[in-house]
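# Structural overview for review
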Amino acid sequence: MKHSVSKRGSINEKRPASVVMTFYACLASLFVFVFATDAQTNGDYPVPSTFNVEGIPPIKNVDVEHLFFEPSEIKNNLIWDVDRRNRSILITDERSYIYHLDAPMAKPRLLIDGRSPARVRVSPKGGLFVFVDDKEKRDSFELYLRDEKGQIRKLTSFSSKDESIESFVWDEKGRTIFYAQMDYGTMITRLCSHDFSKSTCFDIDLKGNWNVLDSHNGKLLLRHWKTSSNQTLHLYDTLSKTLSTVEDKGNSTKGFFGQGRVFWLSEGSSECSTEVCLMSMDLKTGKRFRIKLPLSIANLQDVKISPNKKSFLIQEMRDGIDNMRVGKLNKDGIVEIVPPFVKGNYVIWNAGWLSDKEIVYTTENISKPASIEVFNIATKQTTSWTKGRVPAQMENKVKPPEVIRWKSFDGREISGYMIKPEKTEGRSPVLVFIHGGPQVLDRPVFNSQALRFAAHLGLTIIHTNIRGSRGFGLEFMDADNGAKRGDAVKDVSALLEWIEKQPELDSDRIIVRGESYGGFIALASAMREPKRVRAVIAEYPLVSIRGLLSLSWIDEFAIDEYGDPKDEKLMKELDALSPLNNTDRWRGVPLFMTRGGRDTRNPERDVLDLKSQLQDRGNEVWFIYAKEAGHGVAGRYVTAAMYEFLKKQLRSKENK
């Protein structure tokens, strides 16, 4: 589900307990320990004390113990930021701590632990850096400075309980930090600066959610986030205290200063139409240009200018797979000087410039944890700075991700990617995965659970980017809005037809899985295709759009996506699609479903009502209610139960 660009609204917040409650919690922990020990002695995998389960048979340890390994056996690195002055990188791992890496394959040096920063920026002078985290209060991100001596100092203070730092940048000389401070109570953003001695806020209040993207000679490039498909760009002059507009049409997501211009990525504007393009505006004359790019570029994702402002790194994406190339600006076009240089099918994160000649980036895919590479544009050589690692028993178990495409009912091309086990016996059963959002892009990032399911069950896993997904243009992203919601379900039906034509896939053993909104599509697909869908896994699903629109957080963005709850004609059409309203159409398809007790994004009553209706009709329902979880239910027991559910449904062809 989606309704906010920030982490605010999370309900999985720990609260201090009284002494009495702590005492009873200790007794409960002792009981759980005795229960778990007794269960393991009896050979059963223990159900967590915070879970209520229904319809799930006892799980034997011997059947699932091969699935698990220590998290430390996986090595996974992402880039926080680069220190160009010292030619080093700040990186992170699974715990989101901050490490310093000063040479290829060197041992990272821990700088900050016990925190989970959301963003890190190194000073242009090198050595010191700033970051934000919400350690003191969940979802209220404050700004901190770590100096060259390792001392950490908080730079911000809040007067309201709902304030948070959403973005920040350095000035070019590393003397000042500019940041946007959002008050979610009043929905006002203030622009502020800190010069290491004091914090000063400019005399301007911006309505809504604003971010600082870049700074240059006292000018700030700002983004006003309205919805996922409507973001505008503006300039604020800190000297004259004036605000001007750069782009107020369409969707402008990223931007930067360079060569006396402001550059930005946009789509839906008069110059860009429905595709993502690169625009520029001369800072002196205000003249605008659409920058011509090499014709072979597909789905422009990002552009980064080099430190000396002479070269441009261009990142593109084709069906969820990334690549990069380098060019130089010639009049109003970028001429390619380095062709696409990433070999293989990877997702690329946090690409940037380590120096004027070196590009640093993180790559990963479904079977390869994230690792950091540096490409030298002069020598054309790639150097590994870190190396991803998986447990030995999981190595070489799946093939590299394979992009697939199929035509839907209206001729629209839909795409996704397929993960095949390295070895199969006969035709492979299929697990179709549908992401949440809907405006999310499913990409082949490292996924240890999918890796285990493919390896141990012989599953081919197909990840889909049905209509509504981002990354394919605004028209595609809006193609499931309102009354067109059912068209997304038809995209899945078209995929099932495609599977039937693949000789290596077993179309008699197809299971559809979805998370959140994806759970809604998975459930609706089972109602539409009961003869093709063997079973459904719906994780913390949306089950009624009418019910969703009745929640208090619903805003203009959600109404634009799902429909106006006051439009009764539309609501009745969506009722006909929603699983909750149509259990009489459920033709005995087995269901695995989860729900978090603290989930405020979907109405709990709807999920529990659907579960009860299906149970009353005699359907097989495996249900996990995680009392302490929010919008997301995970853990070893969930993986073990899901594995056993999959194994049972794939075992025979008599479940139809």
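Predicted model only: the values in this text are computed from it and were never measured.

## Re the environment of valine 132
Along the polypeptide, valine 132 turns up in strand 7 (residues 129-133). Valine 132 gets classed as buried once you look at its relative accessible area, which sits at 1%. Sequence spacing of valine 132 and aspartate 162 is 30 residues, and the spatial spacing of their C-alpha atoms is 15 Å.

## Quick look at the environment of valine 303
In this structure, valine 303 sits in strand 22 (residues 300-305). Among the residues examined, valine 303 registers a relative accessible area of 2% and is labelled buried. Sequence-wise, valine 303 and arginine 636 are 333 residues apart; in three dimensions their C-alpha atoms are separated by 40 Å. Those residues in contact with valine 303 that lie beyond four places of it in its chain are Phe256, Leu265, Leu278, Phe312 and Leu313.

## Details of helix 3 (residues 448-457)
Of all 10 residues that make up helix 3, eight are buried, and the element is covered over most of its length. All of the buried residues in helix 3 are Ser448, Gln449, Ala450, Leu451, Arg452, Phe453, Ala454 and Leu457. Those residues of helix 3 hidden inside the fold are in contact with strand 32 (428-434), strand 33 (460-465), strand 34 (505-515) and helix 11 (636-651). For helix 3, the capping residue at the N-terminal end is asparagine 447, with a side-chain oxygen 3.0 Å from the backbone nitrogen of glutamine 449.

## Some words on the state of the cysteines
With the rule as written, the count across this model stands at two disulfides. One disulfide bridge connects cysteine 192 with cysteine 201, the sulfur atoms lying 2.1 Å from each other. Handedness of the cysteine 192-cysteine 201 disulfide follows from its S-S torsion of about 85°: it is right-handed. Between cysteine 272 and cysteine 277 runs a disulfide, and the two sulfur atoms are separated by 1.8 Å. According to the relative accessible area criterion, cysteine 272 is buried, its value standing at 1%. With a relative accessible area of 1%, cysteine 277 lands in the buried category.

## Concerning the pattern of salt bridges
Using the criterion set out here, one finds 43 salt bridges in the structure. When the shortest N-O distance is used, the salt bridge between lysine 154 and glutamate 136 registers 3.2 Å. Within this pair, whereas lysine 154 is found in strand 9 (residues 152-154), its partner glutamate 136 is found in the loop between strand 7 and strand 8 (142-146), the two being separated by 18 residues in sequence. Measuring nitrogen to oxygen at the nearest pair gives 3.7 Å for the salt bridge that ties aspartate 599 to arginine 595. Each member of the pair, aspartate 599 together with arginine 595, is buried. Among the charged side chains, a network of salt bridges with common partners joins Glu497, Glu500, Arg528, Glu529 and Arg532.

About the cut-offs
- Residues numbered from 1 in each chain as written.
- Predicted model: local features only at pLDDT ≥ 70, side-chain atom pairs only at ≥ 80, totals over all residues.
- Heavy atoms only, no water.
- Helix = DSSP H or I, 4+ residues; strand = E, 2+ residues; numbered from the N terminus.
- Buried < 20%, exposed > 50% of the residue type's maximum accessible area, 1.4 Å probe, protein only.
- Contact = heavy atoms within 4.5 Å.
- Polar contact = N/O pair within 3.5 Å; in protein donor to acceptor, adjacent residues only side chain to side chain.
- Disulfide = S-S within 2.5 Å.
- Salt bridge = Lys/Arg side-chain N within 4 Å of Asp/Glu carboxyl O.

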